[in-house]
There are 2 protein chains.
Amino acid sequence: MINFGCIGTGWITASFVDSAQATGKWKLAAVYSRKAETAKDFGAKFDVTAVHTSLEALANDGDIQAVYIASPNSLHHEQAKIILSGKKHVIIEKPATSTVAEFEELHALAKEHGVFLLEANRHIQEINFKILQRNLSRLGAIYGASLTYASYSSRYNNVLAGETPNIFSLEYSGGALVDLGVYPISFAVALFGKPKSQSYSPVIIATGADGGGLITLRYEGFGVVINASKCYTSTAPSEVYGEKGTFVINAVTDIERVTFLDAKSKQKEELAKEKAKLNLQEEAEEFARIIEGGDGEAAKRLEELSRIVIGITTDLRRQCGLVFAVEKS
Amino acid sequence: MINFGCIGTGWITASFVDSAQATGKWKLAAVYSRKAETAKDFGAKFDVTAVHTSLEALANDGDIQAVYIASPNSLHHEQAKIILSGKKHVIIEKPATSTVAEFEELHALAKEHGVFLLEANRHIQEINFKILQRNLSRLGAIYGASLTYASYSSRYNNVLAGETPNIFSLEYSGGALVDLGVYPISFAVALFGKPKSQSYSPVIIATGADGGGLITLRYEGFGVVINASKCYTSTAPSEVYGEKGTFVINAVTDIERVTFLDAKSKQKEELAKEKAKLNLQEEAEEFARIIEGGDGEAAKRLEELSRIVIGITTDLRRQCGLVFAVEKS
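Here the structure is a predicted model, which means the values were calculated and not measured.

S.K.: Mind laying out the overall build of chain A, listing which residues take part and the relevant values?
M.R.: Scanning chain A from terminus to terminus reveals 11 helices and 14 strands. Relative to its length of 329 residues, chain A is compact, with a C-alpha radius of gyration of 20 Å against a globular reference of 20 Å. With the C-alpha coordinates aligned to their principal axes, the bounding extent of chain A is approximately 60 × 45 × 35 Å. Taking all 329 residues of chain A together, the buried fraction comes to 60%. Sequence-distant contacts in chain A: of pairs separated by 6 or more residues, those separated by 24 or more amount to 66%.

S.K.: Give me the lowdown on the nonpolar core, citing residues and values where you can.
M.R.: Grouped together as the largest cluster of nonpolar side chains are 73 residues, with contacts concentrated most on W26, F192 and V224 of chain B. Looking at this core, the element that brings in the most residues is helix α8 (residues 176–192) of chain B, giving 11 residues. Mapping this core onto the domain boundaries places at least three of its residues in each of domain 1 (2–118) and domain 2 (123–275) of chain B. Among residues more than four places away in sequence, those in contact with V224 of chain B are L214 of chain A together with A145, L147, A188, F192, I215, T216, L217 and Y219 of chain B. By size, the runner-up hydrophobic cluster in this structure holds 71 residues, among which are F116, F222, F287 and A288 of chain A.

S.K.: Lay out the relation of the copies chain A and chain B in plain terms, naming residues and giving numbers.
M.R.: Between the two copies, chain A and chain B, the superposition gives an RMSD of 0.0 Å; the rotation angle is 180 degrees and the shift along the axis is 0.0 Å. Both copies of the chain, as the preceding transformation shows, are related through a two-fold rotation axis. Within chain A, A236 of chain A has its C-alpha nearest the rotation axis, a separation of 2.7 Å. When the interface residues of chain A are mapped onto chain B, 100% of them again fall at the interface, so both copies present the same face.

S.K.: Which residues make up the packing of helix α5 (residues 100–113) of chain B against helix α10 (residues 296–320) of chain B, and what values go with them?
M.R.: Residue and element names in this part refer to chain B. Packing of α5 against α10 leaves a shortest axis separation of 10 Å and a crossing angle of 165 degrees. With respect to their mutual orientation, α5 and α10 come out roughly antiparallel. In this structure, α5 crosses over α10, and the sense of that crossing is left-handed. Facing α5, whose interface residues are V100, F103, E104, H107 and K111, α10 presents K300, E303, S306, R307, I310 and T314. Across the contact of α5 with α10, the residue classes tally to three nonpolar, three polar and five charged.

S.K.: Requested: an account of the domain arrangement of chain A, with residues and values cited.
M.R.: Residue and element names in this part refer to chain A. Along its sequence, chain A is carved into domain 1 (2–115) and domain 2 (123–281 + 309–328). Relative to domain 2, the C-alpha centre of domain 1 lies at a distance of 26 Å. Domain 1 puts 18 residues into the contact, and the matching count from domain 2 is 19 residues. Summed over both partners, the interface of domain 1 with domain 2 comes to about 1,400 Å²; 64% of that surface belongs to carbon and sulfur atoms. The three residues of domain 1 that bury the most area against domain 2 are S19, K94 and S98, which together make up 31% of that side's buried surface.

S.K.: Talk me through the sheet that holds strand β5 (residues 89–92) of chain A; I want residue IDs and the actual numbers.
M.R.: The strands that make up a sheet pair up through hydrogen bonds in the backbone, lying either parallel or antiparallel. Residue and element names in this part refer to chain A. One open sheet holds the six strands; their spatial order is β3-β2-β1-β4-β5-β6, and the pairing between them is parallel. Edge positions in the sheet fall to β3 (51–52) and β6 (117–119), since each has one partner strand and no second. In this sheet, β3 lies alongside strand β2 (residues 26–32) in parallel orientation, the contact comprising two bridges. The residue bridging V31 from the neighbouring strand is V51, located in β3.

S.K.: Provide a residue-level description of unusual backbone geometry, including the pertinent values.
M.R.: Cis geometry is adopted by the peptide bond preceding P95 of chain A, which originates at K94 of chain A and carries an omega value of -10 degrees. Position of P95 of chain A relative to the elements: it lies in the loop between β5 and α5 (100–113). Positive phi is not limited to glycine here, since D47 of chain B has a value of about 55 degrees. Within the secondary structure, D47 of chain B sits in the loop between α2 (36–44) and β3 (51–52).

S.K.: I'd like to hear about the pairing of strand β8 (residues 197–204) of chain A, residue by residue, with values.
M.R.: With six of eight residues buried, β8 of chain A is to be regarded as a mostly interior element. Two successive antiparallel strands, β8 of chain A and strand β9 (residues 210–219) of chain A, enclose a turn made up of five residues, where G208 of chain A displays a positive phi of approximately 95 degrees.

S.K.: Describe the UniProt feature "domain: GFO/IDH/MocA-like oxidoreductase" (unreviewed entry) in chain A, and please don't skip the residues or the numbers.
M.R.: Residues given the UniProt feature "domain: GFO/IDH/MocA-like oxidoreductase" (unreviewed entry) here are residues 139–247 of chain A. What you have in residues 139–247 of chain A is 22% helix and 39% strand, and the ends, taken at the C-alpha atoms, are 8 Å apart.

S.K.: So what's going on with the interface of chain A and chain B? Which residues, and what values?
M.R.: Taken together, the contact between chain A and chain B spans 36 residues of the former and 36 residues of the latter. Across the interface of chain A and chain B, roughly 2,900 Å² is buried in total on both sides, 58% from carbon and sulfur atoms. Contact with chain B buries surface across chain A, with Y143, Y152 and L214 of chain A losing the most and accounting together for 18% of the total. In this assembly, chain A and chain B are joined by zero salt bridges. On inspection of chain A and its partner chain B, the count reaches 11 residue pairs in polar contact (both at pLDDT 80 or more). Partitioned by chemical class, the residues of the side of chain A that touches chain B number 18 nonpolar, 13 polar and five charged.

Reading guide: rules and limits
Residues numbered from 1 in each chain as written. Chains lettered and ligands numbered in written order. Predicted model: local features only at pLDDT ≥ 70, side-chain atom pairs only at ≥ 80, totals over all residues. Heavy atoms only, no water. Helix = DSSP H or I, 4+ residues; strand = E, 2+ residues; numbered from the N terminus. Rg over C-alpha atoms; globule rule 2.2 N^0.38 Å. Buried < 20%, exposed > 50% of the residue type's maximum accessible area, 1.4 Å probe, protein only. Contact = heavy atoms within 4.5 Å. Core = buried A, V, L, I, M, F, W, Y, C linked by side-chain atoms within 4.5 Å. Domains from an automatic or database assignment. Least-squares fit on C-alpha atoms with pLDDT ≥ 70 in both. Axes fitted to C-alpha atoms, helices over the stretch in contact; angles between N-to-C directions. Parallel < 35°, antiparallel > 145°, perpendicular 65-115°, else oblique. Left-handed = near helix turned anticlockwise from the far one by under 90°. Nonpolar A, V, L, I, M, F, W, Y, C, P; charged D, E, K, R; others polar. Buried area = accessible area lost by both parts, 1.4 Å probe. Pairing = 2+ DSSP bridges. UniProt positions renumbered as here; feature names shortened; annotations may be inferred. Salt bridge = Lys/Arg side-chain N within 4 Å of Asp/Glu carboxyl O. Polar contact = N/O pair within 3.5 Å; in protein donor to acceptor, adjacent residues only side chain to side chain.

Printed below as a string of structure tokens:
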């Protein structure tokens, strides 16, 4: 059993706690918030009374071995530094950090203290992603992919009303690319590795951040297009193309259908299995396995994937002039 | 009634003749083929006995006012030159020509002889394309589009067997971009005008031509991605995105559904009407209207659209090193 603390008290944290505890391998044991009241209220949902209003106190809490971080993106780096220095494993929500420099600093710190830093790329731990990955060779030569994650966010209403929610704020290292684009990007990187180059046609919204847009990843012999947005909705499935057929996937997260469409016969074959009931359960299971088993090789592979993804988003933001506040100081 | 001749005796020509005659405004009156037998056989299907094995004879046939050309792409230019010189209107299958120079030469010739040269971009004449076009302003600010025309061609089996069908041959100015990519490209140009720039991630097949791939058109403030292929199949719909919602279209040709999906309410509204029974009927109707009414303005708009499209495909081929035989000589 891994006792863990959490930073962030929103819906995603509640979802992670539920999913993690459902595996039987994690137990929430401490809650951090700047306000004690907020931490207490969140803890009460899970019968947890240990609360911290200081990150150092959380980092030095002897009852926990790990911390899950789901705060605004721009805070990840400072918070993770403190927690890693307390020799706790860190599960950090995507995007792990705002910049490559922050990313490398945190991983160096994790190594120094002998703990794991794991970015919560939950979708690539899903059973149906792994089924797709294992069956990819059925396509023969890869001809490309079209990955879609585009859903109008109710918070975009706030933008249209003149406000700047964190998620659409460059002050908080926000924008659709790093918030949601990282899902299809890491999906592509997990399947095909590092692209040769990339480009982005963003929709720049009133806050100055990107509300969504079209990303192209260029590989040797084929391309991958990604449609990622929080300011418009797409109904399109995601697809991977090859000489022998097409894999049609309902989405890049919460994957429920992995349908092989044979190029010549046009016949369909469904490969998906029933996924975990809670949508962060598969990653919680894998992260517990890595931490309890000390599987440094698996952690290293995930680290390398995260490194490629932040390299891509950093390059795309540079091309488009999307500069975070943290990069200006 | 416009009496017309045809060059090309394949399924697309038969389809055009059926569609054109169904409008009640066109009558097939002569058939050209290099072999008299082939021309006679084709003519017999439509009770037409006038056959020509010489292009000059067709061009000088006093019984016809127009010629429909649906030969291999690389032959369009020479054939159209002869027909236009005989002062006949020309309906030319897409892609009109292999190069921009050929395109400009033909249009200069058409003007010189006082006839129309019309490229058969049938889809933008469809009723449901026009419904989309008229309702585009419902989206508010445009945020992008994803256009799909990707269907595995049985002729790709021949490529895999080591053959080089015309449609996949650079000798015959073939490849997926000019054969089928021009549909979504002209769709985008008809809606949004000329893009600022474009790029292409092609799948280069055994013949050296492009079997398909991903095209990006960059406009001010948004992008359009096009997935066009004859070597793999996509099941995705086409979509146009905006601040107020998404238009979901079943396809970029033979459009049967134009569904408006409201961004905030998520409600759907179907705008499509019943399309013409025969799929080239709407263009045949419009081309008859232009020719009989002498609508030079409408012809000029179509010419300009064709000019932008061939400019785009020429630039994309240049970027990717896809050189036609006609460009080497």
